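Listed below are the residues making up each chain.
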Amino acid sequence: MSQIVRTRIAPSPTGDPHVGTAYIALFNMCFAKQHNGKFILRIEDTDQARSTLESEKDILDSLRWLGLDWDEGPDVGGEFGPYRQSERKDDYRAYAEQLVEQGDAFYCFRTPEELDVIREERKAAGLNPGIKGDLELSDEDVKARLGNGDAHVIRMKVPDEGTCVISDMLRGTIEIDWSQVDCQILLKSDGMPTYHLANVVDDHLMAITHVIRGEEWINSAPKHQLLYKYFSWTMPELCHMPLLRNPDKSKLSKRKNPTSVNYYERAGFLPETIVNYLGRMGWSMPDEREKFSLSEMIEHFDITRVSLGGPIFDVEKLKWLNGLWIRENLSAEEFVSRTKEWAFNEKALLPLVELVQGRVATFTDILPLAGFMFSGMLNLDQADFEHKKLEVGQVKRVLQFTLWTLEAQRHWGKDTIFADIKSLAKVMELKLGDFMQPIFVAIAGTPDSWSVVESMDKLGPDMTRARLRHAVNVLEGFSKKETKKVEKEYKALSAKLAEKESENN
C-alpha cells in the first residue's frame with residue numbers, strides 16, 4: 001500500500017460502551033498497526049437528543065481499559081480535528097448545500113405524516129416503500145418555501161433504476177438495486193447532518209483509507225458510494241465484518257447477553273481476555289491457538305483470515321478463557337495486585353463506606369454484608385422472588401418495566417433512579433414497598449439489605465441492568481405472545497408517566 005493506512009472507529013455516545021464497538025475498534029486498530037498506519041477515534045454525536053458527555057467518557061474509558069489506544073481523537077487531538085461531529089456542524093451544511101447547487105440533492109418540505117402516506121402508496125403499488133426523488137418541488141416553490149422559513153431537510157438524489165456495484169475486502173463484489181435505495185436525508189431540519197453525510201465528509205477530510213465496520217452497514221454502502229461520486233472524492237476501501245451473535249445465533253443483544261464493556265470490567269474479567277476473545281470473533285491466528293495477546297494479534301494480523309460466519313459471543317466460553325489467563329499469565333503477586341486493583345481500591349471502596357461502616361462490628365462482617373457489591377450475576381432461583389402480595393406475572397412486570405425504564409435513563413444517579421421507580425410504581429398502582437421487594441432480590445440477592453437505590457447507584461447502570469435482565473430470565477421471562485402484550489402495557493404506562501411529568505412541569 002503506497003499511502004499511509006488510516007482506519008477509524010466512530011461510536012455514538014448514546015448508551016453503554018458496547019462490546020460490538022470494542023470488536024470493530026480492535027480490528028481497525030490491528031489493521032492500521034499491522035500496516036504501520038494510524039488508528040483514529042471519532043465521536044459521532046449528531047443525535048443531540050440522545051448523546052451525552054457521560055456516555056462519551058464511558059466509551060473512551062472502556063476502550064482505554066482494553067488497551068485499544070488511538071493515535072488521534074477528541075482527547076488526544078490531531079491534525080484532522082475536531083473529532084466530534086457536533087463541532088463540525090457548519091461544515092456539513094456547506095457540503096449539503098453544495099450538493100443542492102450541483103443538482104445532486106434537493107430541499108424536501110414534506111411532513112412525517114405526508115411521508116407515511118407516500119410510503120403506503122408506494123407499498124400498495126408494489127414498489128419499495130423508500131422515499132424517492134418524486135418529492136422535488138419547482139425552483140420557484142422551493143424559493144418561496146425557504147423564504148417563508150418553512151421547516152425542511154436536504155435529501156440526496158438516488159437513481160431509480162440500475163444496479164450499484166460495491167467492492168468489499170471480504171465479500172468481493174456486492175450488487176444492490178438502486179430501486180431498493182431511498183433518497184436519504186443528509187441534513188436534518190435542526191441543521192445537524194445525518195450519519196450518512198457526516199460519515200462520508202469526515203472520512204474524506206480525515207483521509208481515512210479503509211472503512212472496517214459491521215455488516216449491518218452494507219445496505220448503506222450505495223448511498224456512501226454515490227456521495228463520494230457526487231463530491232468527486234476517492235472512496236476508502238470497504239470491509240464489512242460479520243455481526244456478533246448470541247449462542248442461539250440471533251444478533252447479539254443486551255436482552256440475551258450483557259453487552260456493555262463496563263459490565264465485564266465490573267464482573268472481574270481481565271481486559272486481556274476480552275480483547276483475546278473479541279479477536280477470536282471471526283478471526284484466527286495462523287497456528288489456530290485460542291489464547292493470544294493484543295501484540296501477538298497485531299503481529300500476525302491478516303484481514304483476509306476473517307470468516308464471514310456469524311461469530312458466537314458466548315459468556316461461558318469467555319469465562320473459561322478468562323480462567324486460563326488468570327491461571328497461566330498471572331503470578332501470585334500479579335494476582336494479588338489485579339485483585340486489589342479491581343475491588344480493593346479507593347474508587348471501589350470509598351463509596352461503600354457510608355453504607356457499610358455503620359452496620360459492622362468487625363471487619364469480618366464486611367463480606368457477608370457487602371459481598372453482592374463485588375459479584376457479577378447473582379445465584380438466584382424462582383423461590384427467591386416469592387412475594388406475599390404480588391403474583392409471579394406482576395413480579396416479572398415490575399422487573400421488566402423497571403429494566404426498560406432504567407435503560408432509558410440518561411443521567412445515572414440515586415435521585416433519578418428513585419424518581420423513576422416511584423413514578424412507575426404509582427402508575428402501576430402498587431405500593432412502593434411491594435414494588436421494591438423483587439428489585440431488592442434482583443440487585444442484592446435478598447430483600448433485607450440497605451437501600452437498593454443506593455446499591456444501584458454505586459453498582460452503576462451496566463451491572464444494575466444486567467442483574468435485572470438476569471432476574472427476568474430466572475423467572476423465565478415472557479413468551480413471544482406475552483412479550484407483545486407486555487410491551488403494549490409498558491407503552492401505555494410510559495404515556496401515563498409522560499403525561500404526569502408534563503402536568504408537573
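Residues numbered from 1 in each chain as written. Predicted model: local features only at pLDDT ≥ 70, side-chain atom pairs only at ≥ 80, totals over all residues. Heavy atoms only, no water.

As for unusual backbone geometry
Omega for the peptide link from G81 to P82 comes to 0°, which places this bond in the cis form. If you trace the backbone, P82 turns up in the loop between α2 (53-65) and α3 (89-102). The residue E288 is not glycine, and still its phi comes out positive at about 65°. Note that E288 resides in the loop between α9 (271-279) and α10 (294-300). Exposure remark for E288: the relative accessible area of 47% places this residue in the partly exposed category. Look at E429: it is not a glycine, yet its phi comes out positive at around 60°. Here E429 shows up in the loop between α16 (414-427) and α17 (432-444). In this structure E429 comes out as exposed when scored by relative accessible area, which is 70%. (Helix = DSSP H or I, 4+ residues; strand = E, 2+ residues; numbered from the N terminus. Buried < 20%, exposed > 50% of the residue type's maximum accessible area, 1.4 Å probe, protein only.)

What to know about the pairing of strand β3 (residues 105-108)
Along β3, one buried face is formed by A105 and Y107 and the opposite face, lined by F106 and C108, is buried too. For β3 and strand β4 (residues 153-156), the ladder comprises four bridges, and the chain directions are antiparallel. Across the sheet, the residue bridging to A105 is M156, located in β4. (Pairing = 2+ DSSP bridges.)

Points about the environment of Q180
By the element assignment, Q180 lies in the loop between β6 (172-177) and β7 (185-187). For Q180, a relative accessible area of 48% translates into the label partly exposed. C-alpha separation for the pair Q180 and V158, spaced 22 residues apart in sequence, amounts to 10.0 Å.

Some thoughts on the packing of aromatic side chains
The final tally for this structure, using the stated rule, is 18 aromatic pairs. A centroid spacing of 4.3 Å and a plane angle of 25° characterise the contact between Y195 and W217, whose relative ring orientation is stacked. Separated by 22 residues along the polypeptide, Y195 in helix α6 (residues 195-205) and W217 in the loop between β8 (210-214) and α7 (221-231) bring together distant segments of the chain. Residue classification places Y195 among the buried positions, given a relative accessible area of 18%. One aromatic cluster is present, formed by Y23, F27, W283, F292 and F301 through successive ring pairs. One residue, K396, lies across the ring of F478, its end atom 4.9 Å from the ring centre. (Phe/Tyr/Trp six-rings, centres within 6.5 Å; stacked < 30°, edge-to-face > 60°. Lys NZ or Arg CZ within 6 Å of the ring centre and 35° of its normal.)

With respect to the sheet that holds β4
Remark on secondary structure: sheet strands pair via backbone hydrogen bonds, oriented parallel or antiparallel. Pairing within the open sheet is antiparallel, and its three strands lie in the order β3-β4-β7. The sheet is open, and its two borders are formed by β3 and β7, each paired with just one other strand. Ignoring which end each strand starts from, the neighbouring axes of this sheet average 45° apart. Note that β4 and β7 share two bridges and pair antiparallel. Residue R155 lies in a different strand from β7, and its bridge partner there is I185. (Axes fitted to C-alpha atoms, helices over the stretch in contact; angles between N-to-C directions.)

Considering the pattern of salt bridges
Counted under the stated rule, the structure contains 35 salt bridges. Residue R64 pairs with D69 through a salt bridge whose shortest N-O separation is 3.3 Å. On the basis of relative accessible area, R64 is assigned to the partly exposed category, the value being 31%. What makes D69 partly exposed here is its relative accessible area of 36%. Two residues, E328 and K291, come together in a salt bridge whose shortest N-O distance is 3.4 Å. Of this pair, E328 sits in helix α11 (residues 315-329) while K291 sits in the loop between α9 and α10, placing them 37 residues apart in sequence. Judged by its relative accessible area of 54%, E328 is exposed. Salt bridges here are not isolated pairs; linked through shared partners, they connect R8, R42, E44, R88, D202 and D203. (Salt bridge = Lys/Arg side-chain N within 4 Å of Asp/Glu carboxyl O.)

As far as function goes, none of this settles anything; it's purely spatial.
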